[in-house]
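The residues making up each chain are set out below.
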Amino acid sequence: MDNKTSKLLDLRKEKINELKTEGISLYPNDFKPDHRVHEVKNIIEKNADSLGENGRKFCLAGRMMAINKMGKSSFVRFQDDGEQMQVYIQKNKVGDDVYALFKKLDIGDFIGVEGPLFQTRTGEWTLLAESFKLLSKSVRPLPEKFHGIKDPEKRYRRRYLDLIMNENTRQIFKKRSAIVAAMRRFFDENGFMEVETPMMQTLPGGAEATPFKTWHNALGMELYLRIAPELYLKRLVVGGFEKVFEINRNFRNEGVSTRHNPEFTMVEFYQAYATYEDLMDLTEEMFSTIVTQIAGDSSVEYQGLTIDFSKGWKRISMIDSLSEIGGVDPAIVNDTQALLAYAEKENVQIAKKDRHGKVLTKLFDAFVEPKLIQPTFITGYPVEVSPLSRKSESDSELTDRFELFIAGREIANGFSEINDPEDQYNRFAMQVRQRDEGNDEAHIMDTEYVQALEYGMPPTAGQGIGIDRFVMLLTDAASIREVILFPHMKKA
RNA sequence: GGGCCGUUAACUCAGUUGGCAGAGUAUCUGCCUUUUAAGCAGAGAGUCGCUGGUUCGAGCCCAGCACGGCCCA
């Protein structure tokens, strides 16, 4: 459909050929605007005295978004960096030839104009064109000006049209950029160093997920797109970089949904001599700082919920949350058989091989997670679902780990790291057994990583935060696709 | 993987009981020198997602497929 020749396209191509025949340059590159539209608007707001038909002149450029032709004069609304402004073109001002050229142009074309500003009858500040130039010709017609482009499929596949037509889309991605910048600033101010670790790994580790496979021709070997940077970042801590962070893509070979894109952005960070409790404090500080910078307030509206990011978030253990929030009888949370019976009664799918900790986790996912609207740290994750987390001193079945939940979804995961190489080896071995039992997402044995730990890693805590989900919260986006410029789509 | 919904002009959308394919915007022609989704007069514009089937006749009914959206797993 996109490539079939429509009548509209044919007409445009005819007009383009006419312009070419007349010797008009369709794609010149010699025009330098001296202001952007938003700068002109600032001047209008602060310094309107200097403006007027005999006042300051401006040289501006942009894409024509609407044209009102009125015989010998015309109004053109053009757009530059998302800001719109109007220009008035009069035949007797720009000359017959230029006006004739203008009449052949289309909505969507880029133009350059120069002249003073004046106010129309309704008071709108408008540039009065003394010169007018085509800067770049569009061949395809833009979507209609009033309704814009709405079809989500078209918006994602041709995001550029979405960005041209929908100011809200522009704002989401400007905000995303500001959020990531604020996060970098926060880490920088707190003494963290940004690093980059391999996206292609020989062993995909650091998370429980199915990887994408790829192949290196020259080396003749399989590689995996990383599911997490974790094991490399901790090697850096072994190497003496004691506060590191990485903001980059992870790839997980799983379903696509409003909350999952196969490639997504995470920040992971590690701090030597810190515990998971220190990281909870740091996370509260970071989120409340960023949210205040971005939203101008410590709370935001998300899908009809008011989420308050100011510090002092609830911290509760998974076991306590099951009874206190999930409504599970506290008498049965330590009794695997009773939990299994409860799960069956409540239609929670439990696999035969699942042990106590896994059962707890599944019940938590079903009954507690959806209720965690305000930022909440859940602590005390079972050892068997936490192959990289340090065992708790008080209970060897639990780990010094937390997950952060906001608006009923997981946003972050952090823990005190295992730095005992023997413990880490045994945990990997436990994962390998799970894998043998059919859990394809269980962690694989990584002896090179264990070797790194054998050289000694300081006591360390680390954390990962899903950037896309965090951005969703701050942009009130219902789907992860609204915050990823080019979300994954099937081949059209 | 399952359920529901959608796919018609460049865009946004109508399309009745199965009976000639529609509107607004955009486009084209003419008029118009302060418009504001400008206005007036006229015109052109379609592989109704794809493939089959039912029928005298299918955008509409049936089956399969593709892509997308929402929900569930």
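Please read all numbers here as calculations on a predicted model, not as lab measurements.

> Residue-level account of the overall build of chain A, with values.
The helix and strand tally for chain A stands at 15 helices and 19 strands. Relative to the globule expectation of 23 Å for 492 residues, the C-alpha radius of gyration of chain A, 29 Å, shows a markedly less compact shape. Expressed as lengths along the three principal axes of its C-alpha atoms, the size of chain A is roughly 90 × 55 × 50 Å. Across the 492 residues that make up chain A, the buried fraction comes to 50%. Contacts in chain A between residues far apart in sequence, at least 24 positions, make up 66% of those at least 6 positions apart. Element-wise, carbon and sulfur atoms account for 48% of the exposed surface of chain A, whose accessible area totals about 24,300 Å². Positive and negative side-chain charges in chain A, numbering 66 and 76 respectively, have mean positions lying 10 Å apart.

> With reference to specific residues and values, describe the domain arrangement of chain A.
When cut into domains, chain A gives domain 1 (7-142) and domain 2 (164-326 + 368-482). Inter-centroid distance (C-alpha atoms) of domain 1 to domain 2 is 49 Å. Each partner contributes residues to the interface: domain 1 has 6 residues there, and domain 2 has 4 residues. Carbon and sulfur atoms supply 53% of the area buried between domain 1 and domain 2, which totals about 420 Å² over both sides. Ionic pairing is found between Arg170 and Asp81, a salt bridge with its closest N-O pair at 3.3 Å. The class makeup of the residues in the side of domain 1 that touches domain 2 is 2 nonpolar, 2 polar and 2 charged.

> Before we move on, can you summarise the nonpolar core with the specific residues and values?
By size, the foremost hydrophobic cluster in this structure holds 47 residues, and its most contacted members are Val267, Phe269, Met286, Phe287, Phe309, Ile406 and Phe470. No other element matches helix α9 (residues 276-295), which puts 9 residues into this core. Setting aside residues up to four positions removed in sequence, Ile406 forms contacts with Phe287, Ile307, Phe309, Leu372, Ile373, Pro375, Ile411 and Leu473.

> Lay out the packing of aromatic side chains in plain terms, naming residues and giving numbers.
Evaluation of the coordinates by the stated rule reveals 18 aromatic pairs. Ring centres of Phe287 and Phe470 lie 4.3 Å apart, and the angle between their planes is 35°; this geometry places the pair in the tilted category. Of the two residues, Phe287 sits in helix α9 while Phe470 sits in helix α15 (residues 467-475), which places them 183 residues apart along the sequence. Phe287 sits in the buried class, given a relative accessible area of 0%. Using a relative accessible area of 0% as the deciding quantity, one classes Phe470 as buried.

> Go over the pattern of salt bridges, please, and point to the residues and values.
Considering all chains together, one arrives at 35 salt bridges under this definition. Across the pair Lys57 and Glu130 runs a salt bridge whose closest N-O atoms are separated by 3.0 Å. Taken together, the residues span a long stretch of sequence, with Lys57 in strand β1 (residues 57-70) and Glu130 in the loop between β5 (125-128) and β6 (131-136) at a distance of 73 residues. Among the ionic pairs, Lys314 bridges to Glu324, the shortest N-O distance being 3.1 Å. Taken together, the positions of Lys314 in strand β15 (residues 314-317) and Glu324 in helix α10 (residues 318-324) put the pair 10 residues apart, joining distant regions of the chain.

> How would you summarise the environment of Asp446 if you had to cite specific residues and measurements?
Topologically, Asp446 is positioned in the loop between α13 (421-436) and α14 (447-454). Along the backbone, Asp446 and Gly205 are 241 residues apart, and their C-alpha atoms lie at a distance of 7.8 Å. At 3.1 Å, the side chain of Asp446 and the backbone nitrogen of Tyr449 are in polar contact.

> Tell me about the sheet that holds strand β17 (residues 401-406), and please be specific about residues and values.
Ordered by their spatial adjacency, 8 strands build an open sheet running β7-β11-β12-β19-β18-β17-β16-β15, and the pairing between neighbours is mixed. Every other strand in the sheet has two partners, leaving β7 (193-194) and β15 as the edge strands with one partner each. With 4 bridges connecting them, β15 and strand β16 (residues 376-379) associate as parallel partners. The partner of Ile316 across the bridge, within β16, is Ile378.

> A description of the pairing of strand β3 (residues 83-90) should follow, citing residues and the corresponding values.
Two strands pair when backbone bridges link them, and strand β2 (residues 73-80) and β3 are joined in this way by 8 bridges, in the antiparallel orientation. From the neighbouring strand, Phe75 faces β3, where its bridge partner is Tyr88. Examined bridge by bridge, β3 and β5 share 3 bridges and lie parallel to one another. Bridging across to β5, Gln86 finds its partner in Thr126.

Parameters at a glance
Residues numbered from 1 in each chain as written. Chains lettered and ligands numbered in written order. Predicted model: local features only at pLDDT ≥ 70, side-chain atom pairs only at ≥ 80, totals over all residues. Heavy atoms only, no water. Helix = DSSP H or I, 4+ residues; strand = E, 2+ residues; numbered from the N terminus. Rg over C-alpha atoms; globule rule 2.2 N^0.38 Å. Buried < 20%, exposed > 50% of the residue type's maximum accessible area, 1.4 Å probe, protein only. Contact = heavy atoms within 4.5 Å. Areas by Shrake-Rupley, 256 points an atom, 1.4 Å probe, with all protein chains shown as cover. Lys, Arg positive; Asp, Glu negative; His and termini not counted. Charge placed at Lys NZ, Arg CZ, Asp CG, Glu CD. Domains from an automatic or database assignment. Buried area = accessible area lost by both parts, 1.4 Å probe. Salt bridge = Lys/Arg side-chain N within 4 Å of Asp/Glu carboxyl O. Nonpolar A, V, L, I, M, F, W, Y, C, P; charged D, E, K, R; others polar. Core = buried A, V, L, I, M, F, W, Y, C linked by side-chain atoms within 4.5 Å. Phe/Tyr/Trp six-rings, centres within 6.5 Å; stacked < 30°, edge-to-face > 60°. Polar contact = N/O pair within 3.5 Å; in protein donor to acceptor, adjacent residues only side chain to side chain. Pairing = 2+ DSSP bridges.

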